[in-house]
Amino acid sequence: MRLSLRFIIPLAFVLGFIAYGVISLVDSLEQKWFVRDLDLRSKLMVGTMEKPLADLVATNSKNKIRAYFTRIVQDERLYAIGFCSRENRLLYETQSYPEDVTCQATMSLSPGSSTMMSLGHGLVHITSATIESSGHPIGRLVLLHDMSFIEQRSSDTRWYIFYFFVGLAAVISLITVSVAHISWHGWVVSVRAMLGGEGLLARLKHEDHAPELRPLAQDLRSLVQALETDRRMRDESQVSWSPASLRSILHEQLAGDQVLIVSNRQPYAHNWQDQNIVVQVPASGLVSALEPVMRACSGTWIAHGNGSADRAMVDQRDHVAVPPAHPTYQIRRVWLTPEEEAGYYYGFSNEGLWPLCHIAHVRPTFRSSDWKQYVAVNERFAQAVYEEATNDNPVVLVQDYHFALLPRLIRNQLPNATIIMFWHIPWPNAESFGICPWREEILDGLLGSSILGFHTRVHCNNFIDSVDRLLETRIDRNSSTISFGGKMTAVNPYPISIEWPIQWLADQKPVPECRMSLRERYGMPSNRLIGLGVERLDYTKGIIERFMAVERLLELQPEWIGRFTFLQIAAPSRWVIEQYNSFNRQVLALAEQINKRFGRDGYQPISLKIQHHEPAEVYECYRGADLCVVSSLHDGMNLVAKEFIGARDDEQGVLILSQFTGAARELTEALVINPYDIDQFAAALHLALTMPTTEQRARMQSMRGLIQEFNVYRWAGRMLMDAARMRQKERVMKQVGQASLLS
Ligand code: F6P
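Summary of the structure given here. Here the structure is a predicted model, which means the values were calculated and not measured.

1. Re the overall build of the protein
Phase 1: Within the protein one finds 23 helices and 23 strands.
Phase 2: Expressed as a percentage of its 743 residues, the buried residues of the protein come to 53%.
Phase 3: Taking the contacts inside the protein whose residues are at least 6 apart along the sequence as the reference set, 72% of them involve residues at least 24 apart.

Here's what the structure looks like:
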């Protein structure tokens, strides 16, 4: 509206001024033309009347002459006729002849000229001509023409011109305002698209953008992109990532906004043990990565309370402060019934999505009853988020495949929340994902997020391809964004990592002592070389393959028999699921078979410990081992690889790493293997056992430098910084939107 007035008022002034000039000009021209017309007309009349009038004057009949004049005056424009004697006396005249127009007054009018006089009824045009008879003047004829018709015509013309200009003003205003609105709207859309990170340049190629705006929009986009790149590079290179830098991002860039984390697994479980309550830190990459982040952020972590003593430890609002020694944040525990846990966790999450997302050749099982529980539990957690939120725009970090529906459910309840969803496991290719009966619901749920993170670009691309194939969305592959239902989700890789420095190292003994105590703990001589595996007992981890590789090593290089033991620490996991049970049996049987084949005199090539180990014990193992094997058949990242490197402040030890882990993309100085290629795997074991210490140091130093810089604070910090930028853009977009509404 304001925009319209800004155009219309000046336009009205300019056109009014022009109209006034045009009317004055036309008025004076018109008058000139009409006077000339009357002069000519009068001349013609005199020519026509001269002879009959001379004859009538000769008769001296006043009545006849008056009747002649009255007949002629019928002409609507002729107002009056008079005849003056040679002595300038008015001899004959029509009744309408005005007294004011005396013969003396008209005497001075030369032949062919005229004058105008204003009388009571208006302006009259006066001409005078000498009438002759037989070549002698007998008097003067005076003709008075009514000029009111000229005024009438001038007035009509003035109105026509006025109407014309009003019409012209209306058309110009309409066109101008429409063009201005279209341009403004296009500009606003373009700026919004730009700020929203949508593919502006691609969109500008479509005809719905005014071509004249393209250079402006392109310039703006380049500017915004340059500033963003510059700022990002500056931010990332200047920040040395630590709990303090994470806290400052939270306070400066997110203005201290509330941070909520949601995951299935809780960071601390309370369990009954001999009538005492003990705290357990679960074996979970997710927990080991997020716990230090949460200590830095001091928010609330919402998770399933699965410990046997969990209920005994919470307050009335189901909260418990952790870490137990120095509480800095709180866990909000959500309670699940055995049926809910069976359907949501064991069923849909771990018999459906887990094998679907990992290429480990285990067939996924999808049951409607599990899906129902999965939906219900996601709704329960959404309600918990809603209850914990202290305002309408918290930052919510949703973790993993247990909560694919949660981003959409939170978005419905808290539309202004910034939702960061991180998918810790791989995302399969679109064709594989397409077998899931609830594929659309899962994609829709995830697209409720503001940011959707994966460990690698490949997994991001797989996700985008799945959306492309299954949902009607607008995808911009350049900016890696998906617009769906008017909301945009940024799909980005954020490779997860570990804390640095590592809290569990604080109380660790020096490496030589850890070597000793490890060998003592497992009854091995001090010169025994130890290979280490640390994981949950899961079929994706390649445990069978690594045992086969140990067997092959001993076959090919028998000098290692009695000198090398492979220590496998395996936390029992998801034991309710039959596939995990049978996998457990296979692993035990294979270890037994190899030990039978190569074991002797108390020597066992494989030492398998299927039990939970607390982080401090695990770190002692990392420090005491000579090599560590991570041979996952498929893994999003795998933090064991990074923990082993982090533990080795002596810069010794060798990492053998599967090429099918996300970690292999970063840790290129590891011995990277294909776990399915058993001969290659066995050769890598031999290489690791014989690697000179200088080479071990060089490789370790390089990988430690990388993890120190690319630590978990950087992982979380980059996501939070992207979230902060997104919130900033949304604020700008709202302002641009308001400006366009006001205009
Ligand atoms: O890192 C992948 C992951 O599945 C996590 O999501 C999970 O917490 C962890 O492994 C352990 O699995 P679970 O929580 O089922 O024991």
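2. Re the sheet that holds strand 5 (residues 136-146)
Phase 1: Ordered by their spatial adjacency, five strands build an open sheet running 2-1-5-4-3, and the pairing between neighbours is antiparallel. Each of the sheet's edge strands pairs with one partner strand only, and the pair in question is strand 2 (90-93) and strand 3 (114-119). With direction set aside, neighbouring strand axes in the sheet form an average angle of 30°.
Phase 2: Where strand 3 and strand 4 (residues 122-133) come together, six bridges link them in antiparallel fashion.

3. Some remarks on the sheet that holds strand 6 (residues 259-262)
Phase 1: Reading across the sheet, the 10 strands line up as 10-11-9-6-12-13-14-17-16-15 and stay open at both edges, with mixed pairing between neighbours. If you trace the sheet from one side to the other, it starts and ends with strand 10 (319-322) and strand 15 (474-476), each paired once. Geometrically, the sheet is characterised by an average inter-axis angle of 20° between neighbouring strands, direction not taken into account.
Phase 2: Two strands pair when backbone bridges link them, and strand 6 and strand 12 (residues 395-399) are joined in this way by four bridges, in the parallel orientation. Paired with isoleucine 261 across the strands is leucine 397, a residue of strand 12.
Phase 3: In this fold helix 8 (residues 285-297) packs onto strand 6, strand 9 (300-304), strand 11 (329-334) and strand 12, with an angle of close to 150° to the strand it touches most, strand 9.

4. Focus on the site of the ligand
Phase 1: Taken together, Arg265, Ala283, Ser284, Leu286, Tyr345, Trp354, Asp400, Tyr401, His402, Arg536 and Arg574 make up the full set of residues adjacent to the ligand.
Phase 2: At a separation of 2.5 Å, an oxygen atom of the ligand approaches a polar side-chain atom of tyrosine 345.
Phase 3: Between the ligand and arginine 574, the relevant distance is 2.9 Å, taken from an oxygen atom to a side-chain nitrogen or oxygen of the residue.
Phase 4: In the complex, the protein chains occlude 89% of the 380 Å² of accessible area that the ligand would expose alone.

5. Some thoughts on the packing of helix 11 (residues 368-388) against helix 12 (residues 406-413)
Phase 1: Look at helix 11 against helix 12: their axes get within 9 Å of each other, and the N-to-C directions meet at 40°. Comparing the axis directions of helix 11 and helix 12 gives the class oblique. Between helix 11 and helix 12 the crossing geometry is right-handed. Side by side, helix 11 and helix 12 meet where Asn378, Glu379, Phe381, Ala382, Gln383, Val385 and Tyr386 of the first sit next to Leu406, Leu409, Ile410 and Gln413 of the second.
Phase 2: Taken together, the residues of the contact of helix 11 with helix 12 sort by class into seven nonpolar, three polar and one charged.

6. Here we look at the pattern of salt bridges
Phase 1: By the definition in use, this model includes 35 salt bridges.
Phase 2: Note that arginine 597 is salt-bridged to glutamate 551, the shortest N-O span being 3.0 Å. Highlighted residues: arginine 597 in helix 18 (residues 578-598) and glutamate 551 in helix 17 (residues 543-556), separated in sequence by 46 residues.
Phase 3: Residue arginine 552 pairs with aspartate 679 through a salt bridge whose shortest N-O separation is 2.5 Å. Of the two residues, arginine 552 is situated in helix 17 and aspartate 679 in helix 21 (residues 678-689); the sequence distance between them amounts to 127 residues.
Phase 4: Residue aspartate 679 is classed as partly exposed on the basis of its relative accessible area, which comes to 41%.

7. Considerations on the pairing of strand 22 (residues 654-658)
Phase 1: Burial runs high along strand 22: five of the five residues are buried.
Phase 2: Taking every second residue as pointing to the same face, both faces of strand 22 are buried, with Val654, Ile656 and Ser658 on one and Leu655 and Leu657 on the other.
Phase 3: Pairing of strand 21 (residues 627-630) with strand 22 involves four bridges; the strand directions are parallel. Within the sheet, the bridge partner assigned to valine 629 lies in strand 22 and is isoleucine 656.
Phase 4: Crossover strand 21 to strand 22 through helix 20 (residues 639-647) is right-handed.
Phase 5: Taken together, the three bridges between strand 22 and strand 23 (residues 671-673) define a ladder with parallel strand orientation. By the bridge assignment for strand 23, leucine 657 is matched with valine 672.

The rules behind each value
- Residue numbering note: each chain is counted from 1, following its sequence as written.
- Per-residue local features are limited, in this predicted model, to residues with pLDDT of at least 70; the limit for side-chain atom pairs, both in listing and counting, is 80 or more; totals at the level of whole chains, interfaces and linings are taken over all residues.
- Hydrogen atoms and water are omitted, and side-chain values are computed over all heavy atoms in the structure.
- Helix and strand labels come from DSSP, where a helix needs a run of H or I of at least four residues and a strand needs a run of E of at least two; each type is numbered from the N terminus.
- Residue burial is assigned from relative accessible area. The probe radius is 1.4 Å, only protein chains are included, and a residue is buried under 20% of its type maximum, exposed over 50%, and partly exposed in between.
- In what follows, a contact means two residues having at least one pair of non-hydrogen atoms within 4.5 Å.
- Here, a strand pair is defined by DSSP locating no fewer than two bridges between the strands.
- Whenever a helix is involved, its axis is fitted only over the stretch in contact; in every case the axis is a line through C-alpha atoms, and angles between N-to-C directions fall within 0 to 180 degrees.
- Any residue with at least one heavy atom within 4 Å of a molecule or strand is counted as near it.
- Pairs of N or O atoms are called polar contacts if they sit within 3.5 Å, as long as, within protein, a hydrogen donor faces a hydrogen acceptor (for residues adjacent in sequence, only side-chain-to-side-chain pairs).
- Only the protein chains shown count as cover for residues, and the accessible areas themselves come from Shrake-Rupley with a 1.4 Å probe.
- Orientation is classified from the angle alone, with under 35 degrees giving roughly parallel, over 145 giving roughly antiparallel, 65 to 115 giving roughly perpendicular, and any other angle giving oblique.
- By the definition used in this description, the sense in which the near helix is turned from the far one sets the handedness, with an anticlockwise turn below a right angle giving left-handed and a clockwise turn giving right-handed.
- Here the nonpolar group is Ala, Val, Leu, Ile, Met, Phe, Trp, Tyr, Cys and Pro; Asp, Glu, Lys and Arg are the charged ones; every other residue, Gly included, is treated as polar.
- What counts as a salt bridge is simple: a side-chain nitrogen of Lys or Arg found within 4 Å of a carboxyl oxygen of Asp or Glu.
- Seen with the strands pointing away from the viewer, any crossover whose path from the first strand over the helix to the second strand runs clockwise is right-handed.

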